[in-house]
Amino acid sequence: MNNPAYPTDAKQRATRILDGCGGHSIGAYSDSAGVRVIREDIANYIRQRDGHPSNPDDIFLSTGASDAIKSIMKLLLTGKTGKDRAGIMIPIPQYPLYTATIAEYNAHPIGYYLDEDNTWALNIDELKRALNEARYHCKPRAIVVINPGNPTGQVLSRENIQSVIKFAKEENLFLLADEVYQHNIYAKGSQFHSFKKVLMEMPAEYSNMELTSFLSTSKGYMGECGFRGGYCEAVNLDPDVKAMLLKSISAKLCSSVAGQAAMDVVANPPKPGEPSYELFEKEKSDVLGQLAQKAQLVTKTFNSIEGVSCNVVQGAMYAFPRISLPPKAIQAAQAKGQNPDAFYCFQLLENTGICVVPGSGFGQKPNTFHFRTTILPPVEKIQVMMELFKGFHQKFLQTYK
Ligand SMILES: Cc1ncc(COP(=O)(O)O)c(C=O)c1O
């Protein structure tokens, strides 16, 4: 604290957090919901982001967003078998935490397909179809929306979010908004709209709906995933349910206080005029600027290759291109007992060293094939990777044509 090498605003932030900790140490357990001043900083962040009130008592810190998502999903469970099981609507393709947790909890996944022809937006007719088919198998309870999307890289429009909220209201579904990529927006014209802001600006019948939203230290420009910092804001929660939620997280004592401190740094970054501000802004815009450049580069290159099409990477950290595979490649995959997209990805790995994840790992419409790649490697490496990919794909088509 006395070392002049550290900027004074950083030391003030550290002091504030330590003063909020038992024994002035992040080595002490905190309140189960998290250190009070950190929850205040998060509420302040949300207030500034949305222009609507946020209450520190509606916020609980967690071990990454994953832990908070699992805590909320646990509250939604109904029965253990057949039609009594809770049905949770999840996007397809989806981030596998959701299918894994639903399986672990013996709940029922209600997959709704994202609309690839409409930049992976949510389609309300498709939501209705998925829900109506699932009614015979479970008690529909909640809908999960991932915005910006993983693995699909879309950023939802305000109108699309409004329609989803109306749908959730009509069907009495609890809303889980996975917004861990809210700082990762790249495409011109795309803007992050939080579910909370959209909900708060709708008529009262919607603005009092129960909603949970999640953020973490793992993504954005910070990428501090090893800290396992995260939080959930739960708005309009029924008081009895909220009490039960607190009781349930109390059994875990608290999330890592180091992770909470990292979450505070995200929620309360350097402000204009403070000594750290310029360097912070420079690093943040360098990281986000490079991600935006790579998002553009991969979209453009994939779309220039025969048999590959890719929606614009509007946000998050991924491209999810569609590949058309020749019948002979599909037969070769079947002979090996592999999904055709997995066969393709293994061939890509073995021939070029490029590692991508088959679309079947996230779910996709039957008879369509995709893979997911991140845009995280440095620009120079992505350029080389795209060239290698192009060469591989052309050779693959030649071999199996
Ligand atoms: C959409 C989505 N939600 C949640 C998570 C989990 O993040 P955390 O590291 O905060 O647990 C991830 C991680 O990749 C993700 O992509």
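Residues numbered from 1 in each chain as written. Predicted model: local features only at pLDDT ≥ 70, side-chain atom pairs only at ≥ 80, totals over all residues. Heavy atoms only, no water.

Asks: I'm lost on the UniProt feature "domain: Aminotransferase class I/classII large" (unreviewed entry) in the protein chain in this one. Help?
Replies: The UniProt entry lists residues 23-375 under the feature "domain: Aminotransferase class I/classII large" (unreviewed entry), expressed in the numbering used here. Its end C-alpha atoms 42 Å apart, residues 23-375 is made of 40% helix and 16% strand. (UniProt positions renumbered as here; feature names shortened; annotations may be inferred. Helix = DSSP H or I, 4+ residues; strand = E, 2+ residues; numbered from the N terminus.)

Asks: Explain the sheet that holds strand β4 (residues 139-146) here, please?
Replies: Note: strands within a sheet are paired through backbone hydrogen bonds, in either parallel or antiparallel orientation. Spatially, the 7 strands line up as an open sheet ordered β1-β7-β6-β5-β4-β2-β3, and their pairing is mixed. Either end of the sheet is taken by a strand with one partner, and the two such strands are β1 (59-63) and β3 (108-113). Averaged over all pairs of adjacent strands, the angle between their axes in this sheet comes to 25 degrees, without regard to strand direction. Here β1 pairs with strand β7 (residues 229-235) via 5 bridges, running antiparallel. Across the sheet, residue Phe60 finds its bridge partner in β7, namely Cys232. Helix-sheet contacts for helix α10 (residues 257-267) involve β1, β6 (211-216) and β7, and the interaxial angle to β7 is about 70 degrees. (Pairing = 2+ DSSP bridges. Axes fitted to C-alpha atoms, helices over the stretch in contact; angles between N-to-C directions. Contact = heavy atoms within 4.5 Å.)

Asks: Would you mind showing me how to read the sheet that holds strand β9 (residues 318-319) here?
Replies: Across the sheet, which stays open at both edges, the 3 strands sit in the order β9-β12-β11 with antiparallel pairing between neighbours. Both outer strands of the open sheet, β9 and β11 (357-358), are each paired with one neighbouring strand and no more. Examined bridge by bridge, β11 and strand β12 (residues 371-374) share 2 bridges and lie antiparallel to one another. Within β12, the position partnered with Val357 by the bridge is Arg372.

Asks: Looking at this structure, how should I read the environment of Pro326?
Replies: By the element assignment, Pro326 lies in the loop between β10 (322-323) and α12 (327-335). Along the chain, Pro326 and Leu215 lie 111 residues apart, while their C-alpha atoms are 41 Å from each other. Apart from the residues within four sequence positions on either side, Pro326 is in contact with Phe396, Leu397 and Tyr400.

Asks: Explain the site of the ligand to me, please; I cannot follow it from the model alone.
Replies: Lining the immediate surroundings of the ligand are 13 residues, of which Ala65, Ser66, Asp178, Ser218 and Lys219 lie closest. With respect to the ligand, the side chain of Asp178 contributes an N or O atom lying 2.6 Å from a nitrogen atom. In this structure, an oxygen atom belonging to the ligand sits 2.7 Å away from a side-chain N or O atom of Arg228. Tallied by class, the residues present in the shell around the ligand amount to 5 nonpolar, 5 polar and 3 charged. (Near = heavy atom within 4 Å. Polar contact = N/O pair within 3.5 Å; in protein donor to acceptor, adjacent residues only side chain to side chain. Nonpolar A, V, L, I, M, F, W, Y, C, P; charged D, E, K, R; others polar.)

Asks: Please clarify how empty space enclosed by the protein should be interpreted in this entry.
Replies: Empty space among the atoms can be located by rolling a probe the size of a water molecule over them. By the definition in use, this model includes 1 cavity of 30 Å³ or more. What the largest cavity holds in volume is close to 50 Å³. Residue lining of the largest cavity: Pro91, Pro93, Tyr112, Leu114, Leu122, Val145, Ile146, Gly149, Asn150, Thr152 and Gln154, and that is the complete set. Among the residues forming the lining of the largest cavity, the class breakdown is 7 nonpolar, 4 polar and no charged. (1 Å grid on protein atoms, 1.4 Å probe; cavity = no way out; pocket = protein on both sides within 12 Å on 5 of 7 lines; lining within 4 Å. Points joined across faces, edges and corners; volume = space filled by probe spheres on them.)

Asks: Where do I start with the domain arrangement of the protein chain in this structure?
Replies: Often, the extent of an interface is quoted as the loss of accessible area on bringing the components together. Domains assigned within the protein chain are domain 1 (8-267) and domain 2 (277-400). The gap between the C-alpha centroids of domain 1 and domain 2 is 28 Å. Between domain 1 and domain 2, the residue contacts involve 26 residues of the former and 27 residues of the latter. Summing both partners gives a buried area of about 2300 Å² for domain 1 against domain 2, and 59% of it is carried by carbon and sulfur. (Domains from an automatic or database assignment. Buried area = accessible area lost by both parts, 1.4 Å probe.)

Asks: Sorry, what's going on with the layout of surface pockets here?
Replies: As a volume, the largest pocket reaches approximately 760 Å³. Lining the largest pocket we find 26 residues, and of these Ala10, Val265, Val266, Pro270 and Phe280 sit closest to its centre. Per element, the largest residue contribution to the lining of the largest pocket is 6 residues, and it comes from α10. Residues belonging to the lining of the largest pocket are distributed by class as follows: 18 nonpolar, 2 polar and 6 charged. If you count residues domain by domain, the lining of the largest pocket takes at least three from each of domain 1 (8-267) and domain 2 (277-400). Approximately 330 Å³ is the volume attributed to the second largest pocket. Considering the residues around the second largest pocket, the lining is formed by 13 residues, among which Arg141, Asn172, Leu173, Phe174 and Glu210 are closest to the centre.

Asks: So what exactly am I meant to see when it comes to the pairing of β12 here?
Replies: Across 2 bridges, the pairing between β9 and β12 is antiparallel. Residue pairing in the sheet places Tyr318 in a bridge with Thr374 of β12.

Asks: Quick question: what am I supposed to make of the packing of aromatic side chains here?
Replies: Here the distance between the centres and the angle between the planes together describe a pair of aromatic rings. For the coordinates displayed, the defined rule picks out 14 aromatic pairs. Ring centres of Tyr181 and Tyr318 lie 5.7 Å apart, and the angle between their planes is 85 degrees; this geometry places the pair in the edge-to-face category. Residue Tyr181 is located in the loop between β5 (174-178) and α7 (195-200), and its partner Tyr318 is located in strand β9; the two are separated by 137 residues in the primary sequence. Between Phe302 and Phe389 the ring centres are 5.3 Å apart and the planes differ by 90 degrees, which places this aromatic pair in the edge-to-face class. You can see Phe302 sitting in helix α11 (residues 277-303) and its partner Phe389 sitting in helix α14 (residues 379-400), a full 87 residues away along the chain. (Phe/Tyr/Trp six-rings, centres within 6.5 Å; stacked < 30°, edge-to-face > 60°.)

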